[in-house]
Each structure stands twice: as structure tokens, then as C-alpha cells.
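Coordinates in review
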Amino acid sequence: MPTDTDTTTTDPEIVEQATALDTWPGPDTTYPDTDYGGSNPGEPDAAADSAEEIGSLERLCTGPTVNPADLEIDENVRKTFSLDDHPEVTDSIREHGVRNPILVIRMPDQRLVVRDGQIRTLTALAHGLAEVPVYIRDFDPSVDTNEAAIERVFEQITLNDRRIPLTNSDRAAGITQALDLGASVTRVAKALQTKRDEVKLVGKVGASATARRLIDDDDQYDLAHAALIADYEHLGDTDAVTRLLNARPAQFDFEAHRIAADRDERRTYLADALPYAEAGLGVLTDYPDLDHPDHGELLCAAEIVDAEGNALEFAHIAANPGPWLVWLDLDENQVWVEIDTGHIIDPDTVDWDTRDQPEASPAEGLRHAREVEQRDQVLPEYFLPREHLDTVGLCERVDTEDETATSDVVDAGEDDEPGEHGSRFGQVDPEKAAADRRAAAEAASEAAAQRAEIERAERRRIRELNKLGVAAKATRIEYVTRLLTRRTPPAQAAMFLTRSLLADPGLTGEYHAFDSALKLLGIEGYRSRLDILATLDTTKPARAQVIALALVLGGYEHRADKDLWRYSESAVRRYLNFLRELGYPLVPVELAALGEIKAIDIDIDNPTATGEPADPSAASTESDADEQDLPAAA
């Protein structure tokens, strides 16, 4: 809060009023114990409840007040100020009145001159307050005039300079305490002249020692960032707190969306696993490392057969699920399902012409496009501890091809005519042949396991890169949404719009491009193009240019989906380069979309550590060359 100094007004009745008010004790005044309702040592406290002493206490607790119109604003070190420049002060006084007493000097002619409290006095007058609290000191006429003025200057400067403001963390802790005690967000916002959304954020920050320290000690964290850290600390998610604290400032929002995607994936995994848990299977939260000592006794279902040597079927697992464990993986490709039932359907059974026509009837024998959606396909993989094989009546699969081959060799030796080598192909060692076949079978099995592991790792890489794409998209949308709140477009927009419309004339008419633009503009609910068109008559030209920019960015953002890292499309490159030109920090999956790094080089476990290309200008030059087919004049 800004501090203030003060100074004077006169009224014929002020002499009597000021005399009555000057009962407030000065700093050098001493009183007998009985003046405070106490007692002398060794004497009973019989007078504690006397009316005279109660009146004295009330006078001390209440303090003197005067009408601000009776105060005179005289000479002051503060020369240049305007009440309009201090809305937080004026709004507070309008809401609560003046709480801090105004320091007043009573002059020999009984004028009350404001020494400290100039802004408080003027604000009280502006809002028509009937009274303000004051602390009155008498002017000392024995002091030289110049010396008195010097003392006034020193006092006013000292009182303004030496006030210790609340720290951000102290203020946050106080707001949190008020909320915890039952004050509503609206009440706090009104009392402190701040926005409700800010009160919500501050309330979260105040509950976290880590977040309070950040808003005091580190300028890189704004209130929203500190509140997010406070949220995760409140949940006990130390991993999220650590990741956010270690994130580079330019990557904070991206890292926050990464964490949100990770947590969302975990919740989805547990939701998908719930039916298996309800069926009695144990749910693995990490894929087992079968080479690890702790997991080495786990057998995957492909390595298990029934008592007759037949391959395992799910019915065997369902019959005795207790010992079994399941791991759920996601297929790289999504599937189309009925929204109501979740059943997988053939996309050829959908009338896709009904996507933009909610009320239209689908063609005969087809579904309405609004009845279906794409979802991830869950791939379960089952494991059984080796020690439970006997429990469920199953066996570990063994390769019987060796025994068959050995038997065939023996039979062939008996049928052939005896000779020096036992056959026309020479003597065959049955044990060696069996060992060779076992080795070959083990090698084939190991190769199959390696292929399976490579495929699983590849699925994980694709899944993680798509998650990074989701986080990048969410971060971009936040940035672009803030950009489009402007009243005027950025200077770079004119050339960008011209290039975009020449290179992609159908961009704004693509499926969902308009819906994407509405989302970026913060427009909720269904709006048609005609609805937006009707608003342009009252829209200022500069804002209309921002809306045009939104229509183009909506088309581009619709194209830049989570898998943008797979492709290097010229339209997406144009979009990302425009954002970078505006100062938006691109992340690795977006750099891969630009062709400046390779997706295979992205560290999926620590993507923000993936470096920028050694020479991004070379890549960008190549991108610009085939960015669009435009005449040189354009």
C-alpha cells in the first residue's frame, strides 16, 4: 500500500472539540496504577469495576476522531500525487474507512494541521466520511520556525520511508487464514479490492510454504505458477513439485501440461484396469522387467500351456484369476466406438456427412456421426508367478520339437540298411542333434522376445511423443487464446495472414477449423459463422483484424494435432514459425514438426533437455524454400 504524509483545516467549534479530544495520553505521560484499573502492590483490586475506570478504558480503546473537513492540509513533502493513481488506497478507505490514525499537529490558534496522512485525509473527504481517527500533538512554540519546518520534513520523509510493507507471502498467508475461517472469496475480494480469481490463487499459495517462498524470493514465478505448485504440494505429489521447480521459466507451462497429461494417463489406466481388478486379477502399475531378480519368476501367458500342452486361453485365466497379474498397454491406433455402449464399430457404418448437421438423419443402415467417437484401444498382457503354476493346473511351455526330431533320427537309423555310418548320410549323434535343436529353439524364442520388447518400446515412444504433443497443444492454445484477447493484432500478423490465405485458400473452411477458432477466441457454446458475421457491424476495425487472425490460427491449430511430430507439413511449419516470431518458446515435438530435429532424438523421459538444432537457420531456410508456392512478388 502506498504511504502518505499530511497537513490542515479550521472551524469555530474546533477549540472545544479539540480540547475534549486531547485526553489521549502522550508518550511521556505517566499514570497511577489505578488509572488502568489495576492495584498497588499488596492492596486488594477492589476498584477494578468502578464506573470511572471503565470509562477510562473505553476512552483508551476508542481513541479520538474528527471530521476530516476540520483538518487542514498544509505544507507537505509529497507534492505530486493524484488519488486516481492510488485506487487500492481509495477503494480500501471507501470500503473500510480510515483505520490508521492521522497524525495531527494542533497549532497555537487551534488549527488541526495534518502532519502524516495527507492521502487518507483527501480520500476521506472525497468519499464524504463523517469522521477519521487522529493522533494529536501540540505545536511547540519555543522551537524556531525554520527548525520546526526541518523537523516536519524529516518526520514526513521518515514516516513514509520506514513503513514496512507486508511481504507477498505474508499477505497470501493472511488471505488463506481468512478463507479458512469462513470468509467467502467474494467477501475477501471486496474487502481487499482485488479480483475473485486472484483471491482463489492467493488462497492456494498461502497454504503452501514452498509457494509462499517462491512469490517472495523468485521473480520467475507468477501467482498462477505458484498456485499450481501449491496444489501439487497439497496433494503430496512431490514428483510434480520437483519437476515444476526444476523447469526452465520458458518451459514451465509446457512442463505443467506434461504433468497433467501424465496424471490423466495414470487415472485413465486405473479406470481401464478396474474391471480386471474387480474380476480378481492383480494390476501391474509398471511393465515388469523379466530380467530383473524381483520379476524374473514371472511368466507371460504366451509361455504357459494347459495340462494337455494347448496354448492358454483367457477362459483359463478367468476361471482362477487370483494368482494372475495384468498389464495394460495402448495400441498405437485408436478405434471408433459407440459412445453409449463402448462397442468397437466399423467406421464404414457411419454417415460422416452428418458431422456438421446435428439434426440430420443418417442414411439408411448407417449411424449418425455424433453417436461415435475415437478412443484408445487397450491391449492386456497377462503374467503368472512361476510358483503358482501348480496352483492353477498349468505348465510352462517347453519345445517338444527336440524330442520329435530325436525320435525321427533314431527311427531313420533303424529303417536304413546298416552301414559303417548307420545311414547313407553318415553317423548322427542324437544327443548333439537334440542340443542343436534346443539351442536353435532358445535362440528363436529370445529373438521373438527381443522383437516383442522392441515393439513394446516403440509403442511406448509413440505414446509418449503423442503425450508431449498433447501437452504442447494445450500450451499453444493457452498462448494463442491470450494473444487473441488483444484489441489490435501484432505487427507480424498482416504478412502472416496474407501468406496463409494465398498458400491455403481453403484453410478456414476445413472441418472443425471454425470451431477451433471460436475456442481460441474464448467463445463458449455453439455459434455459426452468420452469428459472428452479425457482430462485425459494432466491431472496431483493429479488433476485426484480430478475429480474422483467429480464423486462420483456428485452421492451423486444428491441423497441428498431437502427432504433429510425425510430419513436417508446410502449413504447420508456417504456423509454428509465426508463433516463434511472436516470442513463443517451441518445445521438441514442435521442433520436430519444423524438421529442425528428429523425433527419434527426443528424450521422451526428459524432453525439455533435448537441445535446439545446432544450426536452426539451415533447417528453417530449407523449410521456407518449400513453404508455399507463391510468386516472387508475394
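Criteria and cut-off values
- Residues numbered from 1 in each chain as written.
- Predicted model: local features only at pLDDT ≥ 70, side-chain atom pairs only at ≥ 80, totals over all residues.
- Heavy atoms only, no water.
- Helix = DSSP H or I, 4+ residues; strand = E, 2+ residues; numbered from the N terminus.
- Contact = heavy atoms within 4.5 Å.
- Areas by Shrake-Rupley, 256 points an atom, 1.4 Å probe, with all protein chains shown as cover.
- Axes fitted to C-alpha atoms, helices over the stretch in contact; angles between N-to-C directions.
- Parallel < 35°, antiparallel > 145°, perpendicular 65-115°, else oblique.
- Left-handed = near helix turned anticlockwise from the far one by under 90°.
- Nonpolar A, V, L, I, M, F, W, Y, C, P; charged D, E, K, R; others polar.
- 1 Å grid on protein atoms, 1.4 Å probe; cavity = no way out; pocket = protein on both sides within 12 Å on 5 of 7 lines; lining within 4 Å.
- Points joined across faces, edges and corners; volume = space filled by probe spheres on them.
- Salt bridge = Lys/Arg side-chain N within 4 Å of Asp/Glu carboxyl O.
- Buried < 20%, exposed > 50% of the residue type's maximum accessible area, 1.4 Å probe, protein only.
- Pairing = 2+ DSSP bridges.
- pLDDT = per-residue confidence, 0-100.
- Expected span 1.5 Å × (residues − 1).
- Polar contact = N/O pair within 3.5 Å; in protein donor to acceptor, adjacent residues only side chain to side chain.
- Core = buried A, V, L, I, M, F, W, Y, C linked by side-chain atoms within 4.5 Å.
- Phe/Tyr/Trp six-rings, centres within 6.5 Å; stacked < 30°, edge-to-face > 60°.

1. Section: the overall build of the protein
Check the secondary structure of the protein and you find 23 helices and 16 strands. Within the protein, contacts between residues at least 6 apart in sequence are counted, and of these 72% link residues at least 24 apart. A total accessible area of about 37,200 Å² is found for the protein, and carbon and sulfur atoms account for 51% of it.

2. Details of the packing of helix H10 (residues 223-235) against helix H11 (residues 238-246)
Between H10 and H11, the least distance of the axes is 8 Å, while the angle of their chain directions is 155 degrees. Classified by the angle between their axes, H10 and H11 sit roughly antiparallel to one another. The element H10 and its partner H11 pack so that their crossing is left-handed. Counted together, Leu228, Ile229, Tyr232 and Glu233 of H10 and Ala240, Val241, Leu244 and Leu245 of H11 form the full contact between these two elements. Residue classes in the contact of H10 with H11 are distributed as 7 nonpolar, no polar and 1 charged.

3. Some details on empty space enclosed by the protein
In this structure the tally under the stated criterion is 1 cavity of 30 Å³ or more. Computed from the structure, the largest cavity encloses a volume of approximately 30 Å³. What lines the largest cavity is simply Gln220, Tyr221, His225, Ala247, Arg248, Pro249 and Phe252. Taken together, the residues that form the lining of the largest cavity break down as 4 nonpolar, 2 polar and 1 charged.

4. So, the pattern of salt bridges
With the rule as written, the count across this model stands at 30 salt bridges. A salt bridge links Arg559 to Glu569; its shortest N-O distance comes to 3.3 Å. Of this pair, Arg559 sits in helix H20 (residues 541-559) while Glu569 sits in the loop between H20 and helix H21 (570-581), and the two are 10 residues apart along the sequence. Judged by its relative accessible area of 22%, Arg559 falls in the partly exposed class.

5. Thoughts on the environment of Leu394
Inspection of the secondary structure puts Leu394 in the loop between helix H14 (389-392) and strand S16 (395-396). On the basis of relative accessible area, Leu394 is assigned to the buried category, the value being 6%. Separated by 85 residues in sequence, Leu394 and Gly309 place their C-alpha atoms 8.8 Å apart. Not counting residues up to four positions away in its chain, the partners in contact with Leu394 are Ile304, Val305, Asp306, Leu312, His316, Trp324 and Leu389.

6. Some details on the sheet that holds strand S8 (residues 298-300)
With mixed pairing, the 4 strands of this open sheet are ordered in space as S7-S10-S15-S8. The strands lining the two open edges of the sheet, one partner per strand, are strand S7 (282-283) and S8. Sheet strands in contact with helix H12 (residues 252-278) are S7, strand S10 (325-330) and strand S15 (378-385), and its direction is about 145 degrees off that of S10.

7. Digging into the confidence of the model for the protein
Averaged over every residue, the pLDDT of the protein is 78; the share at 70 or more is 79%. Predicted confidence in the protein is weakest over strand S1 (residues 8-9), with a mean pLDDT of 36, and strongest over H21, with 94. Low pLDDT (under 50) marks residues 613-634, which in the prediction has 22 contacts with non-local residues, meaning those over four places away or in another chain.

8. What about the environment of Asp197?
Structurally, Asp197 can be placed in helix H8 (residues 196-206). For Asp197, a relative accessible area of 54% corresponds to the exposed category. A sequence separation of 11 residues divides Asp197 from Thr186, and the C-alpha atoms of the two residues are 9.7 Å apart.

9. Let's talk about unusual backbone geometry
For Gln110, which is not a glycine, the phi torsion comes out positive at approximately 75 degrees. Tracing the chain through its elements places Gln110 in the loop between strand S4 (102-106) and strand S5 (112-116).

10. Topic: H10
Here H10 spans 18 Å end to end across 13 residues, near enough to the 18 Å set by a 1.5 Å rise per residue. Along H10, the residues classified as buried are His225, Ala226, Ala227, Ile229, Ala230 and Tyr232. Where H10 is buried, its residues contact H8, helix H9 (209-217), H11 and H12. The distance from a side-chain oxygen at the start of H10 to the backbone nitrogen of Ala224 is 3.2 Å, and the residue carrying that oxygen is Asp222. Just downstream of H10 lies Gly236, where phi reads positive at about 80 degrees.

11. Structural notes on the nonpolar core
Within the largest apolar cluster, 48 residues are counted, with the highest numbers of intra-cluster contacts made by Leu484, Leu553 and Val589. Listing elements by their share of this core, those giving two or more residues are helix H16 (430-483), helix H17 (493-503), helix H18 (513-520), H20, H21 and helix H22 (588-594). Considering every element that reaches this core, the biggest residue donor is H16, with 9 residues. The next biggest cluster of nonpolar side chains, apart from the first, holds 21 residues, and it includes Val326, Leu328, Tyr382 and Phe383.

12. Remarks on the packing of aromatic side chains
A full pass over the atoms with the stated rule returns 10 aromatic pairs. Relative to Tyr556, the ring of Phe496 has its centre 5.8 Å away and its plane inclined at 50 degrees; by these criteria the two rings are tilted. Separated by 60 residues along the polypeptide, Phe496 in helix H17 and Tyr556 in helix H20 bring together distant segments of the chain. Residues Phe496 and Tyr556 agree in their burial class; the two are buried. Pairing Tyr556 with Tyr575 gives two aromatic rings, centres 5.8 Å apart and planes at 15 degrees, and the pair type is stacked. Taken together, the residues Tyr556 in helix H20 and Tyr575 in helix H21 connect sequence positions 19 residues apart.

13. As for the pairing of S15
Here S8 pairs with S15 via 3 bridges, running antiparallel. Looking across to S15, one finds that Leu298 is bridged to Pro385. Two strands pair when backbone bridges link them, and S10 and S15 are joined in this way by 6 bridges, in the antiparallel orientation. Note on S15: the bridge partner recorded for Val326 is Tyr382.

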